[in-house]
Amino acid sequence: MKHDIIIIGAGLGGLTAGAKLAKEGKKVLLLEQHDRPGGCATTFQRKDFTLEVGLHEMDGPHARDLKVKIFRDLGLTEKVSLLGLPEFYRFVNGRQNVVVPHNPEEAERRLAELFPGEAQGLKTYFNHVLNSRKIIAESAGLPERSLGDFLDEHIGNEDLKLILLGNLGYFHDDPYSISLNYYLVAQGSYYGGNASFIKGGSQILSNALVSVIEANGGTVKLNTLATAIIFEEDRPVGVSYETIMGKNKQSFTDLATEIIVNASVPTLAKELLPEGQRQILLEKIKDLKPGASLLTVYFGFKKPLKEVGNPYYSTFVFDPTIKTQKDIAGNNHSGFETRGFTLVDYSQVDSELAPEGKSVGAVCCIDYASDWEGMDRKAYLKKKAEVAETIIARCEKLIPGFRDAVEYVETGTPLTVRRYTLNPEGAVYGFAQNPGKTTDYLSVLPANLHIASAWGKFGGGFSGSIFSGYMTALDVLRKR
Ligand SMILES: Cc1cc2nc3c(=O)[nH]c(=O)nc-3n(C[C@H](O)[C@H](O)[C@H](O)COP(=O)(O)OP(=O)(O)OC[C@H]3O[C@@H](n4cnc5c(N)ncnc54)[C@H](O)[C@@H]3O)c2cc1C
């Protein structure tokens, strides 16, 4: 069958591209290997709890937020409710216990009150975060710096640096190897004055995007693995795929004028391209590394966690042994007794994820697939249970009564993320955003083969993937 566009992967990048193109009258076929759309933007049901796979905080909506325009254009505003979050985050490390607001002026004021000697450094930090595009343009041509070097130059107090780095895990695992420019744009959007959670969980957004595709004549095939992009000479002309129904596999090849890849760029290079094309792309990405993965302990609680005594939506806990920002990278490889984590208490904003009187939450840390590989199933399950127990003990210290409130617990590792997204090493934010990283690899792709995902121009997270999908759709529409 011939389509205008075939999209490989129903993560947010693929879904957004598909929704925009279908709405503009293109015939879209979207292939997704999992049994539900969304990639990282999904939920799953356990007992009577709806557990959110990934979303803690989506930056925006705010005045400069492109998502506002995208949601309006795709008719999502009526289908998806965004719940504003009460604070950016609370940070605790045994020495400090600070709530960082979303409003940048308030955040600067609060931190300057706590660290009066650092007022000038804080001014510089917030000026950079809020005026990132201008500052990046001014530094064009200069070697890119790391966030860690920038903080060392402008802030003296190590605890203040750690507070500012509380949510580093939203982007990367080490302040000294994340591009300052990338961080400034991403953090600037969180400090735009708002952040949100999707009412009912991120699956609502993913399903809404599917409904836009289908309402406009497009097709979304779940349980369908793309196995190869078919070329005629140097031009992609279609996709071969397998639809899996229980033990039955059926193979198909469909043709399309344009092909959009939401699957990871390493997956494209290693598994989907034919030999000659594969070598060209592999050569281009050989120095790029997939970014960090995440481990999540999902909780269903017998009662709202706020009734147990937790007043915060998002709490970042750094172990007291993290004394300077130089300790962060090592800590992310340490045991779960000391590794930094964030506790998300959805009951603060969304009571729809659990039946009345109950609630859900999650604890999340940076983690690495390599630490979970090579175990047999028994050892893997044992380690998952031990990690959950360690995390519960740490949460009990933070919120006495936490343990008794737990009704359901389940741990998802980087291998879980890899299994459901096929992203190498379970990476959740695409390639690591190291200083000097470029997207040159996009330039070697044939003109009708596009990337719409966290591995594209805008990086990872909900916003990066949505922007990538929408901009890719505009590129395709402009061409034609
Ligand atoms: C635990 C966790 C917490 C997170 N927290 C936040 C947060 O608070 N805020 C935020 O902004 N972001 C967060 N993120 C990151 C964010 O969810 C991701 O960066 C973003 O959703 C990635 O979108 P994507 O379009 O790149 O696709 P992905 O979500 O990576 O999905 C890719 C899709 O392609 C499919 N696929 C791959 N190969 C094939 C193939 N060959 N054939 C068919 N289908 C294929 C996969 O099955 C998958 O559905 C979190 C992620 C996780 C896992």
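Scope of this entry: the structure provided in the associated data block. (Residues numbered from 1 in each chain as written. Predicted model: local features only at pLDDT ≥ 70, side-chain atom pairs only at ≥ 80, totals over all residues.)

**Description of the overall build of the protein**
- The helix and strand inventory of the protein stands at 17 helices and 19 strands.
- The globule rule puts the C-alpha radius of gyration for 480 residues at 23 Å, and the 22 Å found for the protein is close to it.
- For the protein, the C-alpha atoms occupy an extent of roughly 65 × 55 × 45 Å along the three principal directions.
- Within the span of the protein, comprising 480 residues, buried residues form 52% of the whole.
- The long-range share in the protein, meaning contacts at least 24 apart out of those at least 6 apart in sequence, stands at 75%. (Helix = DSSP H or I, 4+ residues; strand = E, 2+ residues; numbered from the N terminus. Rg over C-alpha atoms; globule rule 2.2 N^0.38 Å. Buried ≥ 20, exposed ≤ 12 C-beta atoms within 10 Å, placed from the backbone. Contact = placed C-beta atoms within 7 Å.)

**Description of the nonpolar core**
- In terms of nonpolar packing, the biggest core is built from 138 residues, with Ile6, Ile213 and Val239 touching the most fellow members.
- If we ignore the near neighbours within four places in the chain, the residues touching isoleucine 213 are Gly18, Ala19, Ala22, Val28, Leu30, Gly218 and Val220. (Core = buried A, V, L, I, M, F, W, Y, C linked by C-beta atoms within 7 Å.)

**A word on the site of the ligand**
- By nearness alone, 39 residues border the ligand, and Gly9, Gly11, Gly13, Gly39 and Gly54 come closest of all.
- Sorting the residues of the shell around the ligand by element identifies helix H1 (12-23), strand S11 (224-232), strand S14 (293-301), helix H16 (414-421) and helix H17 (461-479) as the ones contributing at least two each.
- In terms of residue count, the dominant contributor to the shell around the ligand is H17 (four residues).
- Within the shell around the ligand, the residues separate by chemical class into 19 nonpolar, 18 polar and two charged. (Near = placed C-beta within 6 Å. Nonpolar A, V, L, I, M, F, W, Y, C, P; charged D, E, K, R; others polar.)

**A short note on the sheet that holds strand S18 (residues 406-412)**
- Across the sheet, seven strands lie side by side as S8-S7-S15-S16-S17-S14-S18; this open sheet has mixed pairing. In this open sheet, the two edge strands, each paired with only one partner strand, are strand S8 (97-100) and S18. Strand-to-strand, the axes of this sheet are offset by a mean angle of 20 degrees, without reference to chain direction.
- Pairing of strand S7 (residues 89-92) with strand S15 (residues 314-317), which is carried by three bridges, proceeds in the parallel orientation. Paired with arginine 90 across the strands is threonine 315, a residue of S15.
- Of the strands in this sheet, S14, strand S17 (359-367) and S18 touch H16, which is tilted by about 95 degrees from S14. (Pairing = 2+ DSSP bridges. Axes fitted to C-alpha atoms, helices over the stretch in contact; angles between N-to-C directions.)

**Examining the sheet that holds strand S6 (residues 82-84)**
- If you walk across this open sheet you meet the three strands as S5-S9-S6, and the pairing is antiparallel. The open sheet is flanked by strand S5 (58-59) and S6, the only strands paired with a single partner.
- The sheet contact formed by S6 and strand S9 (residues 195-198) spans three bridges and is antiparallel. Considered in S9, the bridge of leucine 82 is made with isoleucine 198.

**Things to note about H1**
- Between its first and last C-alpha atoms H1 spans 16 Å; for twelve residues at 1.5 Å apiece the expected length is 16 Å, and the two agree.
- Burial analysis of H1 places eleven of its twelve residues in the buried class, the great majority of the element.
- Those residues of H1 lying buried are Leu12, Gly13, Gly14, Leu15, Thr16, Ala17, Gly18, Ala19, Lys20, Leu21 and Ala22.
- After H1 finishes, the residue glycine 25 shows a positive phi value of roughly 95 degrees. (Expected span 1.5 Å × (residues − 1).)

**As for the pairing of strand S12 (residues 235-245)**
- As judged from the eight bridges shared by S11 and S12, these two strands associate in the antiparallel manner. Residue phenylalanine 231 lies in a different strand from S12, and its bridge partner there is proline 236.
- Two successive antiparallel strands, S11 and S12, enclose a turn made up of two residues, where glutamate 233 displays a positive phi of approximately 55 degrees.
- Where S12 and strand S13 (residues 248-261) come together, eight bridges link them in antiparallel fashion. Note that in S13 the partner of methionine 245 across the bridge is asparagine 248.

**Quick notes on helix H3 (residues 104-114)**
- Buried within H3 are the following residues: Pro104, Ala107, Glu108 and Leu111. One face of H3 carries all of its buried residues, which in axial projection span an arc of 95 degrees. Turned more than 90 degrees from where H3 packs its buried face, Glu105 and Glu113 sit exposed.
- In the core, the buried residues of H3 are packed alongside S8, helix H4 (119-130) and helix H7 (158-164). (Arc of directions from axis to C-beta.)

**Focus: unusual backbone geometry**
- Each neighbour pair has its own omega, and for glycine 60 with proline 61 the value is 0 degrees, a cis peptide bond.
- Within the element layout of this structure, proline 61 appears in the loop between S5 and helix H2 (66-73).

**Here we look at the pairing of strand S3 (residues 43-46)**
- In this sheet, strand S4 (residues 49-52) lies alongside S3 in antiparallel orientation, the contact comprising four bridges. Following the sheet pairing, threonine 43 is matched in S4 by glutamate 52.
- Taking the residues that link successive antiparallel strands as the turn, the S3-S4 hairpin has two residues, and the phi of lysine 47 there is positive, at about 50 degrees.

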